[in-house]
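Inside the fold
Residue-level listing of the chains:
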Amino acid sequence: MAADDGRMREAGGTSRLGSLCVSRMGFGAMRLASASPFRAGPSRDRAESIAVLRRARELGVTHYDTAAFYFSPLRSANELINAAFPDHDDDLVIATKVGPARNASGEWIEPARPEQLRGQVEENLRQLGRDRLDLVYLRVFGSGAIGEHFEALADLRTEGLIGELGVSNVSTAQLVEALGIAQVVSVQNRFGLDQQSPETLGVLAETTRRGIAFVPYFALAGTGGESGRPHETDPIVTEIANEHGATASQIRLAWTLHQGANVLAIPGTGDMSHLEQNVAAAAIRLTTEDLDRLARGRGPN
């Protein structure tokens, strides 16, 4: 599907992250610093990455998902976002995540303890050049209680360092636990056409019931995760893409947005043509027959 600025601005519509209104088609910054996130590889050209961010804004994208641990040897996703949007546009919403941590050499270290979350929040504030973070997700590891960590973020919200709170990689029980502490406006779990575990489907149902936004990550990558999807392997997706004059990735993104009014998308890229294709996917209207064909033979996995 070709890019058309006017159509793309309106196609996906908007959704709410608590008090924040954002475009349903957002932008994920994981691949902004390098095409090979978290692995040795060349850093992207700084000017090109900034141009991609600004083009996304021109196309109507107002929701940007990032993290301080998104960096390559020469680039930081947060710094690139700060450079691309120095005027701090009021319509722009930047969501970030805390919990995971990498050292200066890029090696993963132990996730933050509750008392270390303030430092991670302040690190994001410094890198983004802001006095307050729009939305902060607590990225969860494992199935244990998350109360102490989430309480620490709720305290920082009370102090005014954070606007809204979300949780990521959580079970339904963990979501309910967080809701007992403070308002949760968004949940970010792994979910996509090829990634529909019973646990995540349960979380999606709970967010829908409660009117909470659901923001899948790796919606395009599927089982490839951070390595990405090297090529399309589902003949039904390819067939439907051909019928719509679209790419397979666009069909996967369109499917994501068709999962509910509270479901958003944050595909990530550092490539201009991929960006325009991703945003254009919001204009694709899948038919009931298309959705049935995509669902056929797929149960929870």
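Keep in mind it's a predicted model, so treat the numbers as computed, not measured.

The rules we used
- Residues numbered from 1 in each chain as written.
- Predicted model: local features only at pLDDT ≥ 70, side-chain atom pairs only at ≥ 80, totals over all residues.
- Heavy atoms only, no water.
- Helix = DSSP H or I, 4+ residues; strand = E, 2+ residues; numbered from the N terminus.
- Expected span 1.5 Å × (residues − 1).
- Buried < 20%, exposed > 50% of the residue type's maximum accessible area, 1.4 Å probe, protein only.
- Polar contact = N/O pair within 3.5 Å; in protein donor to acceptor, adjacent residues only side chain to side chain.
- Pairing = 2+ DSSP bridges.
- Contact = heavy atoms within 4.5 Å.
- Axes fitted to C-alpha atoms, helices over the stretch in contact; angles between N-to-C directions.
- Salt bridge = Lys/Arg side-chain N within 4 Å of Asp/Glu carboxyl O.

Now for helix α2 (residues 46–58). Taking 1.5 Å of rise per residue, the 13 residues of α2 would be expected to cover 18 Å, and the 19 Å separating its terminal C-alpha atoms lies within 8% of that figure. Among all positions of α2, only Ser 49, Ile 50, Val 52, Leu 53, Arg 55 and Ala 56 are buried. The opening residue of α2, the one whose side-chain oxygen lies 3.2 Å from the backbone nitrogen of Ala 47, is Asp 45.

This part takes up the sheet that holds strand β3 (residues 27–28). Ordered in space as β3-β4-β5-β8-β9-β10-β11, the seven strands form an open sheet in which the pairing is parallel. This sheet does not close on itself; its edge strands, each paired only once, are β3 and β11 (213–214). In this structure, strand β10 (residues 186–188) lies alongside β11, joined through two bridges in parallel fashion. Among the inter-strand pairings, Val 187 is bridged to a residue of β11, identified as Phe 214. Those strands touched by helix α5 (residues 147–159) are β5 (93–98), β8 (133–139) and β9 (162–168), and its axis lies near 165° from that of β9.

To continue, consider the pattern of salt bridges. Proximity of charged atoms lets side chains of opposite charge pair with each other. The tally for this structure, following the rule as stated, stands at 17 salt bridges. Residue Asp 89 pairs with Arg 57 through a salt bridge whose shortest N-O separation is 2.8 Å. With Asp 89 in the loop between α3 (77–84) and β5 and Arg 57 in helix α2, this residue pair connects regions lying 32 residues apart in the sequence. Here Glu 206 makes a salt bridge to Arg 210, at a shortest N to O gap of 2.6 Å. Taken together, the residues span about one helical turn, with Glu 206 and Arg 210 both in helix α7 (residues 198–210) at a distance of four residues. Of the residues examined, Arg 210 reaches a relative accessible area of 38% and is grouped as partly exposed.

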